[in-house]
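As a plain string of letters, each chain reads:
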Amino acid sequence: MKKLIIANWKVNPSTYREAERLALEVSRFAKKNKRAEIVLCPPFVYVSSVKSHVSRTAKVGAQDCFWESKGPFTGEVSPAMLKNSGVDYVILGHSERRRWLGETDEMVNKKVLAALKAGLKVILCVGEPQRMAKGKEQRARGAKTYVRRQLEKNLRSVDNLPLALRSLLTIAYEPVWAISTSGTGKIDTPEDAAEMARFIKNLLVAKPYTLNPRILYGGSVNARDIKSYLDMEYIDGVLVGGASIKAEEFKKIVEIANKSNQHGNGTI
Ligand code: PGA
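Calculation rules
Each residue is numbered by its place in its chain's sequence as written, counting from 1. Only residues with pLDDT of at least 70 get local features here, since the model is predicted, and only at 80 or more are side-chain atom pairs given and counted; chain-wide, interface and lining totals rely on the full set of residues. Note that water and hydrogens are dropped before the side-chain values are worked out from all heavy atoms of the structure. The rule for pairing is simple: two strands pair if DSSP sees at least two bridges between them. A run of H or I in DSSP counts as a helix once it spans at least four residues, and a run of E counts as a strand once it spans at least two, with each numbered from the N terminus. Axis lines are fitted through C-alpha atoms, for helices just across the contact stretch, and the angle between N-to-C directions can take any value from 0 to 180 degrees. Pairing of aromatic rings covers Phe, Tyr and the six-membered ring of Trp, with a centre-to-centre limit of 6.5 Å; geometry is then stacked below 30 degrees between planes, edge-to-face above 60, and tilted otherwise. Three labels apply to residues, based on accessible area from a 1.4 Å probe with only protein chains included: buried if under 20% of the type maximum, exposed if over 50%, partly exposed otherwise in between.

Participant: It is not clear to me how the sheet that holds strand β4 (residues 89-92) should be interpreted in this structure. Could you clarify?
Facilitator: Sheet strands pair by backbone hydrogen bonding; their relative direction is either parallel or antiparallel. An order of β1-β2-β3-β4-β5-β6-β7-β8 is seen for the eight strands of this closed barrel, with the pairing classed as parallel. Neighbour to neighbour, the strand axes of the sheet diverge by 25° on average, direction disregarded. Alignment of strand β2 (residues 36-41) against strand β3 (residues 59-62), held across two bridges, turns out to be parallel. Bridged to Leu40 within β3 is Val60.

Participant: Is there a simple way to think about the packing of aromatic side chains in this case?
Facilitator: The geometry of an aromatic ring pair is captured by the separation of the ring centres together with the interplanar angle, meaning the angle of the planes. Here the structure, examined in full by the defined rule, presents five aromatic pairs. Relative to Phe73, the ring of Phe66 has its centre 5.0 Å away and its plane inclined at 45°; by these criteria the two rings are tilted. Ring centres 4.6 Å apart and planes at 5° place the aromatic pair Tyr217 and Tyr229 in the stacked group. Placement of Tyr217 in strand β7 (residues 214-218) and of Tyr229 in helix α9 (residues 226-230) is noted, with a sequence separation of twelve residues between them. The pair Tyr217 / Tyr229 is uniform in exposure class, with both members buried. Ring pairs connect the aromatic residues Phe66, Trp67 and Phe73, which therefore count as one cluster.

Written out as structure tokens, the structure is:
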């Protein structure tokens, strides 16, 4: 299975020109590296332009969407609008939205349901806010409890959707403390990240979800470390923030993902 590489541009770059240039550079490079699935997630205003530059080489995603399809919700963008603009993926529940914009589990749940119903591929971000208690065992247990609760709340009623729609779900495990700009910038170890990925897969394969979603790792991923994550069983790709807007760094990431041995999607 192809490794999935999500580029979360966040609120970057500042101009249309720069966005165009970055999309073009990645697109040219992606053409030669077709064994990795690349998804560029620019700010809404650049979506159409990025889409036109990468239509044959990469996919386009949005960084958020609203749960209603239309109406008096100033500033929001609906899942149907994204779908109709050629967007394939949407990132939901990113920790920066939860933290800075007060997004609750309930809101994330409504967004997940609405986006899946519209046929968008959802990348749901989950992860514990702080490095948990001392001691490896205890830390892993604390983090798993947090992530399990978050998944239960964010995926409420997803089991009522037809399998074809709930299969559009991908989970990004992003320990908040490991995110380069909003966390401590310390990266999780590939072993711990893979153990969490195994845990999540195990949870979602069972009832009521009965899913086998791709699991990504995110948090300070760069060209130097990416291979050690992609080599791990149960890690099917990565969500890249800061490094995705540096063209040269991101190209290296794509190249490594392209060569990566095709582990991942480990079965439970
Ligand atoms: P980072 O961001 O790669 O800069 O840590 C990841 C993210 O916020 O999704």
